[in-house]
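This is what each chain is made of:
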Amino acid sequence: MTGPVVAARRFGVADSSGERHADWLELFFDLVFVVAVAELASTLEHHPSGPGLVRYVLLFVPVWWAWVGYTFYADRLQSGPDVTYRILMIVAMLAVAALAVAVPHAFDGTGSVRFALCYVAVRALLIVLYARAFRLDRSARPLTGRYLTGFTIGAALWLVSIAVPAPGRYALWAAGLLVELAVPLLSARAIARVPFHVSHIPERFGLFVIIVLGEAVALGALSLGDGGQEPLPLAVGGAGFLIIGALWWLYFDGVDGSSMRHWWVSGQVYVYGHLVVLAALTAFGVGVLLATHAVHDAALDGSARWAVCGGIGAFLLAIGLIQLCRPDGWRDPRSWVRLGAGGLFLLLRPLGAGLPLLLLELLALALLTTQIIVEHRLRAAMPASTSGG
């Protein structure tokens, strides 16, 4: 999904030179994903088990991929006001909203049919946009043609799935997603011919991170409310809320967009790595809420610990891998700090099994605070060419 920056030309292709920021339509479009992320979080909250986690991750992928598809289309192939484009985007918002509402029952009988049809609608509108670009812009056809082919195959597999009973239906979903996810990875030469904004894409991903952090903040605030006036639940919720602030700090101080300037590995790791970043942050927010409830419901204790420690650990491993895969990223000690810290948090769940939840959260907060300080000092001591930005 990345490639060399070249001069803008022709219909629709955005001018890749200079700075570009999210426009009002893009920000409006993002609002519907607030609903989608909330539904995904609610799904994990109500099914905080191993199978529930698997379902949560499997549902997160198509929601995230829907956002990625429209975001990259807007960045590469949309330039200036366009009535048709605006109408299609607003209709796409409706389709995403329907997809979000279908999330809670996506693995039920008729509910799974509804979810599949909503996803087909989301992809069909994006296919229409690419077909329009293919027709009007000949020089972009090597890219738009490949995307049209891959996305149509993926959507067709989802459409066929409605006639196939489970578990075959879900296998077709997975196959469709794998086809679509593979298209950018197999289209390096075609991608290189179409420009992208090196300032715009990282900003868009940062805005999606803000959406997810907003959901985590909402869950943290809800946990404070659920705690009533009792000091222990309030302390558990408050500690979780502070951890959310630390994760915000680590992301926006530690994940720069310079990965998008390079092709082949670093740009794709940046894009696909954000799937883990976003899913992990949402899971952590759910973990804070579960931790508050676990004060009075011991059955939730194990799930809360896994969501808190696993969410933080997966987040740190993802941002560490993003940093490591930058050119010379292996020389950046922050890469190894993040990977090591991520592994430590995954081990913290079994190692901290005997700790009360509040102490576990306070330990996590102390470790993250230490990491922020260490990364700040490492960054200050590094040459600008290595530190990124």
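Conventions we followed
- Residues numbered from 1 in each chain as written.
- Predicted model: local features only at pLDDT ≥ 70, side-chain atom pairs only at ≥ 80, totals over all residues.
- Heavy atoms only, no water.
- Salt bridge = Lys/Arg side-chain N within 4 Å of Asp/Glu carboxyl O.
- Helix = DSSP H or I, 4+ residues; strand = E, 2+ residues; numbered from the N terminus.
- Buried < 20%, exposed > 50% of the residue type's maximum accessible area, 1.4 Å probe, protein only.
- 1 Å grid on protein atoms, 1.4 Å probe; cavity = no way out; pocket = protein on both sides within 12 Å on 5 of 7 lines; lining within 4 Å.
- Points joined across faces, edges and corners; volume = space filled by probe spheres on them.
- Nonpolar A, V, L, I, M, F, W, Y, C, P; charged D, E, K, R; others polar.

**So, the pattern of salt bridges**
Phase 1: With the rule as written, the count across this model stands at 8 salt bridges.
Phase 2: The partner of Arg204 in a salt bridge is Glu26, with the nearest N and O atoms 3.5 Å apart. Of the two residues, Arg204 sits in helix 8 (residues 200–226) while Glu26 sits in helix 1 (residues 24–46), which places them 178 residues apart along the sequence. The same class applies to Arg204 as to Glu26, namely buried.
Phase 3: Residue Arg123 is joined to Glu180 by a salt bridge in which the shortest nitrogen-to-oxygen separation is 2.7 Å. You can see Arg123 sitting in helix 4 (residues 109–136) and its partner Glu180 sitting in helix 6 (residues 168–185), a full 57 residues away along the chain. Glu180 matches Arg123 in its accessibility class, with the two residues each being buried.
Phase 4: Overlapping salt bridges, with partners in common, bring together Glu26, Asp30 and Arg204 in one network.

**Observations regarding the layout of surface pockets**
Phase 1: For the largest pocket, the calculated volume is near 420 Å³.
Phase 2: The set of elements that each furnish at least two residues to the lining of the largest pocket consists of helix 2 (50–77), helix 10 (265–294) and helix 11 (301–324).
Phase 3: Of the residues belonging to the lining of the largest pocket, the class tally is 16 nonpolar, 5 polar and no charged.

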